[in-house]
Amino acid sequence: MHRLALCVWLAAMTASTSAAFAFDNGQYDHVPPDIRAWFKSVIAPNGVPCCDISDGHRTDYDVRNGAYWVPIEGQWMEVPERAIIRDRGNPVGQAVVWYVHHRGAIIISCFVPADAV
């Protein structure tokens, strides 16, 4: 229940900034149950849930001077250390980034590298 409340709070914060927010309106029905469960279980190192499959974006990434970088909406952004999840595995085979728009900025909340173990 705590995780759901945090996702609802995150959705409300995102909606209040007039940003687009991803919803699962059935477009993810083809996703296997184990992958869907993984998306729902991913939690950032600070304890905040990354939320759901509709919020995660499969992505390319680069490593520059020891830091992860991801392209978001046409610009490369450095992934903050607080968002990197290394201990949840990665069953999708691609890096996944979760982000929101807040007050005109893009906030990266979670990132799982393609080779996370």
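Below, the structure is looked at part by part.

What counts, and at which threshold
- Residues numbered from 1 in each chain as written.
- Predicted model: local features only at pLDDT ≥ 70, side-chain atom pairs only at ≥ 80, totals over all residues.
- Heavy atoms only, no water.
- Helix = DSSP H or I, 4+ residues; strand = E, 2+ residues; numbered from the N terminus.
- Buried < 20%, exposed > 50% of the residue type's maximum accessible area, 1.4 Å probe, protein only.
- Contact = heavy atoms within 4.5 Å.
- Areas by Shrake-Rupley, 256 points an atom, 1.4 Å probe, with all protein chains shown as cover.

## Side note on the overall build of the protein
Then, number 1: In terms of regular secondary structure, the protein is built from two helices and six strands.
Then, number 2: Starting at the N terminus, the α and β elements of the protein follow one another as α-α-β-β-β-β-β-β.
Then, number 3: Across the 117 residues of the protein, 40% fall into the buried class.
Then, number 4: Considering only contacts in the protein between residues 6 or more positions apart, those separated by 24 or more positions represent 62%.
Then, number 5: Accessible surface computed for the protein: about 6,800 Å², of which carbon and sulfur atoms make up 55%.

## Comments concerning unusual backbone geometry
Then, number 1: Within the chain, glutamate 73 stands out as a residue other than glycine whose phi angle is a positive 50°.
Then, number 2: For glutamate 73, the location among the structural elements is in the loop between strand 3 (67-72) and strand 4 (75-78).
Then, number 3: A residue is classified by how much of its surface remains accessible, and glutamate 73, at 52% relative accessible area, is exposed.
Then, number 4: At arginine 103, a position not held by glycine, the phi torsion is positive, near 50°.
Then, number 5: Secondary-structure assignment places arginine 103 in the loop between strand 5 (95-102) and strand 6 (105-112).
Then, number 6: A relative accessible area of 73% means that arginine 103 is categorised as exposed.

Remember that the coordinates give geometry; whether it matters functionally is a separate question.
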